[in-house]
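Remarks on the overall topology
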Amino acid sequence: QVQLVESGGGLVQAGGSLRLSCAASGSRVRTATMAWYRQAPGKQRELAASITSGGSTNYADSVKGRFTIARDNAKNTVYLQMNSLRPEDTGVYYCAANYAYGSPNWGQGTQVTVSS
């Protein structure tokens, strides 16, 4: 059973930084593409960034150059470093593990609020 637990959210002023962490249990996640999604109030959940088991990364255009995703397989942890935060980055950030087969696993989410 895979469990994902996010941490690191909070309130920050525009221009500030936060680092989110996603601690995963279960060895299966080591072969998964890990991703951070976010959902702003009244909007659909969207992909912010992802990283494959081999370390290839992908970013939404809105976060390119500001966010960095990384994974530490030894610690079964995925990080999202968020710099130059904007009010439009506000939302609940979810960690997800996507597999070649089967349903993805989701964390419970962590709130990020950026004040102007």
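Heads up: these notes are all about the structure in this document. (Residues numbered from 1 in each chain as written. Predicted model: local features only at pLDDT ≥ 70, side-chain atom pairs only at ≥ 80, totals over all residues. Heavy atoms only, no water.)

Right, let's get into the overall build of the protein chain. Each helix and strand in the protein chain was counted, giving 0 helices and 11 strands. In sequence order, the protein chain lays out its α and β elements as β-β-β-β-β-β-β-β-β-β-β. Compactness check: the protein chain gives a C-alpha radius of gyration of 13 Å against a globular reference of 13 Å for 116 residues, within 12% of the reference. Once the C-alpha set of the protein chain is aligned to its principal axes, its extents read approximately 40 × 25 × 20 Å. Buried positions account for 43% of the 116 residues belonging to the protein chain. Long-range contacts, defined here as pairs at least 24 residues apart, represent 53% of the contacts in the protein chain between residues at least 6 apart. (Helix = DSSP H or I, 4+ residues; strand = E, 2+ residues; numbered from the N terminus. Rg over C-alpha atoms; globule rule 2.2 N^0.38 Å. Buried < 20%, exposed > 50% of the residue type's maximum accessible area, 1.4 Å probe, protein only. Contact = heavy atoms within 4.5 Å.)

Another point: the sheet that holds strand β8 (residues 77-82). Across the sheet, 4 strands lie side by side as β1-β3-β8-β7; this open sheet has antiparallel pairing. Bordering the open sheet on either side are β1 (3-7) and β7 (67-72), each of which pairs with just one other strand. Neighbour-to-neighbour, the strand axes of the sheet open up by a mean angle of 15°, direction not taken into account. In this sheet, β8 lies alongside β7 in antiparallel orientation, the contact comprising 6 bridges. Note on β8: the bridge partner recorded for Ala 70 is Tyr 79. (Pairing = 2+ DSSP bridges. Axes fitted to C-alpha atoms, helices over the stretch in contact; angles between N-to-C directions.)

All right, on to the nonpolar core then. The biggest cluster of nonpolar side chains holds 28 residues, and the ones touching the most others in it are Leu 4, Met 34, Trp 36, Leu 80 and Met 82. Considering every element that reaches this core, the biggest residue donor is strand β3 (residues 18-25), with 4 residues. Residue contacts for Met 82: discarding those within four places in its chain leaves Gly 16, Ser 17, Leu 18, Leu 20, Arg 66, Phe 67, Tyr 93 and Val 112. (Core = buried A, V, L, I, M, F, W, Y, C linked by side-chain atoms within 4.5 Å.)

In this structure the tally under the stated criterion is 4 salt bridges. The partner of Glu 46 in a salt bridge is Arg 38, and the shortest N-O contact between them spans 2.8 Å. Residue Glu 46 is classed as partly exposed on the basis of its relative accessible area, which comes to 37%. On the basis of relative accessibility, which here comes to 7%, the residue Arg 38 falls in the buried class. Across the pair Asp 89 and Arg 38 runs a salt bridge, and its minimum N-O distance is 2.8 Å. With Asp 89 in the loop between β8 and β9 (91-98) and Arg 38 in strand β4 (residues 33-39), this pair connects stretches of sequence that are 51 residues apart. (Salt bridge = Lys/Arg side-chain N within 4 Å of Asp/Glu carboxyl O.)

Summed over all chains, the structure comprises 2 aromatic pairs. With 6.5 Å between their ring centres and 85° between their planes, Tyr 94 and Trp 106 make a pair best called edge-to-face. Pair noted here: Tyr 94 is in strand β9 and Trp 106 is in strand β10 (residues 105-106), with a separation of 12 residues, a long-range link. The class of Tyr 94 is buried, set by a relative accessible area of 14%. Taking the relative accessible area as the measure of exposure, Trp 106 reaches 36% and is therefore partly exposed. Connected via pairs of aromatic rings, a cluster forms that spans Tyr 37, Tyr 94 and Trp 106. The ring of Tyr 99 carries Arg 28 above its face, with NZ or CZ at 3.6 Å from the centroid. Taking NZ or CZ as reference, Arg 45 lies 3.7 Å from the ring centre of Tyr 94, over its face. (Phe/Tyr/Trp six-rings, centres within 6.5 Å; stacked < 30°, edge-to-face > 60°. Lys NZ or Arg CZ within 6 Å of the ring centre and 35° of its normal.)

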